[in-house]
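In case you want the letters, here they are:
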Amino acid sequence: MLSFILAAAIGVLQPQIINIQDRTQTSLDGDWDYLVDQFANGYLDYRQNPMPAGNTFFADRHFFTDQTRLVEYDFDAAEKMKVPGDWNTQGDKFYYFEGTIWFRRVFEADPQPGKRYFIHFGAVNYEAVAGLNGKILGTHKGGFTPFDLEVTGLLKKGSNSLIVRVDNTRHPDGVPMQNFDWWNYGGITRSVCLVEAPETFVRDYFVRLSADGKGVEGWVQLDGASREAVASVEIPELGIRTETNADGISGKATFCAQFKKKKQPERWSPENPRLYEVKIASGEDSITDRIGFRTIETKGCKILINGKETFLKGVAIHEEIPFAPSGRAFSEEHARITLGLAKEMGCNFVRLAHYPHNENMVRVAEEMGIMVWDEIPVYWAIDWSNRETYENAENQLAEMITRDKNRANVIIWSVSNETPRSKARLDFLTGLIAKAREMDPTRLVSSAMEKDEPEPGHMTVKDDLIDYVDLISYNQYVGWYDGDFEKCDRVYWTFPVEKPVIITEFGGGAKFGRHGAVTDRFTEEYQAKLYEKNIEMLSRIPELAGASPWILKDFRSPRRQLNGIQDEFNRKGLVSENGEKKKAFFIMQEWYSRK
Ligand code: GCB
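Each value, and the rule that gives it
Residues numbered from 1 in each chain as written. Predicted model: local features only at pLDDT ≥ 70, side-chain atom pairs only at ≥ 80, totals over all residues. Heavy atoms only, no water. Helix = DSSP H or I, 4+ residues; strand = E, 2+ residues; numbered from the N terminus. Rg over C-alpha atoms; globule rule 2.2 N^0.38 Å. Buried < 20%, exposed > 50% of the residue type's maximum accessible area, 1.4 Å probe, protein only. Contact = heavy atoms within 4.5 Å. Areas by Shrake-Rupley, 256 points an atom, 1.4 Å probe, with all protein chains shown as cover. Lys, Arg positive; Asp, Glu negative; His and termini not counted. Charge placed at Lys NZ, Arg CZ, Asp CG, Glu CD. Pairing = 2+ DSSP bridges. Expected span 1.5 Å × (residues − 1). Polar contact = N/O pair within 3.5 Å; in protein donor to acceptor, adjacent residues only side chain to side chain. Near = heavy atom within 4 Å. Nonpolar A, V, L, I, M, F, W, Y, C, P; charged D, E, K, R; others polar. Salt bridge = Lys/Arg side-chain N within 4 Å of Asp/Glu carboxyl O. Core = buried A, V, L, I, M, F, W, Y, C linked by side-chain atoms within 4.5 Å.

S.K.: I would appreciate a short explanation of the overall build of the protein in the present structure.
M.R.: Scanning the protein from terminus to terminus reveals eight helices and 33 strands. For 595 residues, the compact-globule formula gives about 25 Å, and the C-alpha radius of gyration of the protein, at 25 Å, lands near that figure. Residue burial in the protein is summarised as follows: out of 595 residues, 61% are buried. Within the protein, contacts between residues at least 6 apart in sequence are counted, and of these 71% link residues at least 24 apart. Approximately 23,200 Å² of the protein is accessible, and the part contributed by carbon and sulfur atoms is 49%. The positive charge centre, built from 74 side chains, and the negative charge centre, built from 88, are 4 Å apart in the protein.

S.K.: What is the right way to read the pairing of strand S16 (residues 276-282) from this model?
M.R.: Every other side chain in a regular strand lies on the same face of the sheet, so the side chains alternate between the two faces. Across the seven residues that make up S16, a large majority, five, are buried. Note that strand S13 (residues 230-235) and S16 share three bridges and pair antiparallel. By the bridge assignment, Val233 is partnered in S16 with Ile280. Examined bridge by bridge, S16 and strand S17 (residues 285-291) share seven bridges and lie antiparallel to one another. When the sheet's bridge partners are listed, Ile280 is paired in S17 with Ile287. Counting the residues in the hairpin turn of S16 and S17 gives two residues, including Gly283, whose phi is positive at 55°.

S.K.: Would you mind going over helix H4 (residues 387-404) with me for this structure?
M.R.: Helical geometry note: an α-helix holds 3.6 residues per turn, so side chains three or four residues apart project in the same direction. Taking 1.5 Å of rise per residue, the 18 residues of H4 would be expected to cover 26 Å, and the 26 Å separating its terminal C-alpha atoms lies within 8% of that figure. When you tally the buried positions in H4, you get 13 out of 18 residues, the bulk of the element. The N-cap residue of H4 is Asn386: its side-chain oxygen and the backbone nitrogen of Glu388 are 2.9 Å apart.

S.K.: Hey, could you run me through the site of the ligand in this one?
M.R.: The local shell around the ligand holds 14 residues, among which Asp181, His354, Glu418, Tyr481 and Lys572 are the closest. One of the side-chain nitrogen or oxygen atoms of Asp181 is found 2.5 Å away from an oxygen atom of the ligand. Side-chain polar atom of Glu418 to an oxygen atom of the ligand: 2.3 Å apart, as the coordinates give it. About the coverage of the ligand: the protein hides 96% of its 320 Å² of free accessible area. Residues that form the shell around the ligand fall into these classes: five nonpolar, four polar and five charged.

S.K.: Help me understand the pattern of salt bridges in this model?
M.R.: Any two side chains of opposite charge can pair, on the condition that their charged atoms come close. Applying the stated criterion to the full structure yields 53 salt bridges. Where Asp285 meets Arg23, a salt bridge forms, and the shortest distance between an N and an O atom there is 3.9 Å. Of this pair, Asp285 sits in strand S17 while Arg23 sits in the loop between helix H1 (2-9) and strand S1 (24-27), and the two are 262 residues apart along the sequence. A relative accessible area of 9% places Asp285 in the buried class. Measuring nitrogen to oxygen at the nearest pair gives 2.8 Å for the salt bridge that ties Asp554 to Lys582. In this pair, Asp554 is assigned in the loop between strand S31 (544-547) and strand S32 (555-556) and Lys582 in the loop between strand S33 (569-570) and helix H8 (583-594), connecting sequence segments 28 residues apart. Lys582 matches Asp554 in its accessibility class, with the two residues each being buried. When salt bridges that share partners are traced, they join Asp33, Asp60, Asp76, Lys80 and Arg104 into one network.

S.K.: Quick question: what am I supposed to make of the nonpolar core here?
M.R.: The nonpolar side chains of soluble globular proteins are, as a tendency, buried together. If you look at the biggest cluster of nonpolar residues, it comprises 89 residues, and the most contacted ones within it are Leu339, Val378, Leu432 and Tyr474. Here this core gets seven residues from one element, more than from any other, and that element is helix H7 (residues 524-539). With 30 residues, the next largest nonpolar core counts Tyr117, Val151, Val166 and Leu194 among its residues.

Set out below in C-alpha cells:
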C-alpha cells in the first residue's frame, strides 16, 4: 500500500523545456545545504526503510527552533556545498563517496497570477528526487541530461524550500551500468534555476534547413491550455516570418518558409560558423535563439557538409574541469578552455564522450566552428533484455536530442560505445537508432563499435550494427592493448560495406614529463611513437573520413591504479590534467595541419 501511495506521489516527468538561457529565470546556483544519508534514512524508501511521513527530509523540519519535538535532522544546521558541482571534489571525505546526499536550497519567490513556474536542472548524477515545500515533485534518472519540474501552485510568495535527494549509486540495470572508465562524480553537477513562463508557452522547437535547402522548416511545441494558438518563427536577417496555428490536440505547430532569392543564408560550417537570430513566439511568450543552417550527409565513403567533403579532425573529450583538481566541468569558461585546446591542435570536430556534456560545451563549440559527436552512456555491458533499462536509455537519448537538435554543429547522434555483441544488444541498439531517426531525420546516427582481426594482420569491423548506422565508426588500440606500435606496420584494414570510416578512439598512455626509451610504456616517447605509427596506419585506409584520438586530457578513473604513474588518472591524454602538452599532442597537430 505504501509503495502504491509513493509511486503516485512521485510525479511523471514533464517534457523538457529547451533554450533555458533565454527564459525569464532566477538562478538557484550557489551554496546549498546538504546532509549525507548513507542508509537512505531521510526517505520514505518503501523497499527497505518505511518511515513515518513526517520525518522524511522533504518535510524540512527544524529541530533547533523547536526542541520539544524529536527530529533527527535540520538543514538549517547543515554544512554547505556548491551547486553546480560534483561532491567528490568538494572535500576529501567525498572523494570516493557513492550513495545518497540530500541538498536543500531556500529561496525567495514572488509568483504572479497567470504565470507558470518550473525548476530546471541541467543535470543531476544519477538519480534525483526533488520536492518543494514538502511535496515531492518528481524523479529523474540519468546523470547527464536536463529535466524540468513544474511548481506552479506550489511556489509561495516569500521563502521556499527546494529539496533534492541525489543518489549516485551504480546499478546493474543502470545506464551506464556498474563498470565504466570514468569517475562517478555525484551531485547536482549542472546549474539549477527557477523558470517563469506564461500560461501557454513555447516549450520546444526545431528550426532547420528544409530538405531541399531552399528554406527553413520545423515545428514549435506549445504547452498550455491554448493548444491551437498561433506560433510564429521569425529570422529577421533573412526576411523570414511564418505564422501557423498549433494543431489543437498536441499543441504542435509545423511551419516551412522559402528563402527569398536575394536573402539566402550563409551556411554554417567549421570555417564560417554563421548563426542567425531566430525569434519563436506565441501569445505572450517570445524567445530568441541563434541557429545555423547546414547540411550533413554521406556519399559512399565521404562525409559532406554543405555538399563539401569534410575530414573530421577530431579528439575525444571527457567532461572534466580544465585543469587540476579536475572534477565535473559545467561552465562556459571550462568549455572555452577545453575547446580552445582542441582548436589549437587543429580540430574541427570533438567526440563528447561518453555521455551528453553540459550545454555550454555544445554552444561554445558551435560558435567556434567545432562539429560535435553527441553520445549517451550506453557503454560496455548493459542489461540488454531489461525493458526498464531500454526505456531509461531511450529517455536519455530523447533528452539529449531534445536539448541539442537546434545546434548546427551537432552532426552525429551516437547510441553506444564498445558494446559486446548479442542478439539482445542488437535489438536494444536498433531501437535507439530508430528513435534517433524518428526524432531527427537530418543527422547521422552511429555508434562507437569495436574492431576485429579475423586472421592475423587483417583488421576489420564485423558487427551487425554496421547495416543500421551511417558510419563505420569504431575504437581500435593497435599499439597499446593490441600489440606494440610496430604492429601498425603489419596490418591492413578492409570493411564489409561502403560507408565513411571514423576511428572514434586510438591512443595509449603516457605520464607528462616521464621520459625514457621509445619502447617503454607510459613514457611520452612511447606515446609519441604510437601516434606516429597509428597515423601512418590510418593514412593507408582510403575510406578514412575522420578520427578522434583518445583523449584530449588525462581524466580521473578508478580503474587506473598504477601508483606513481596513473594515480587514478587515465593517462591517455594528449595533455595532462594540469594542461601540459605531451609530445603526442604536437604529432596530432602536425597531422591535422596536413589534412
Ligand atoms: C575504450 C573506452 C574508453 C576507455 C579507453 C581506455 O575503449 O571506450 O572509455 O577509457 O578504452 O583508455 O581504455
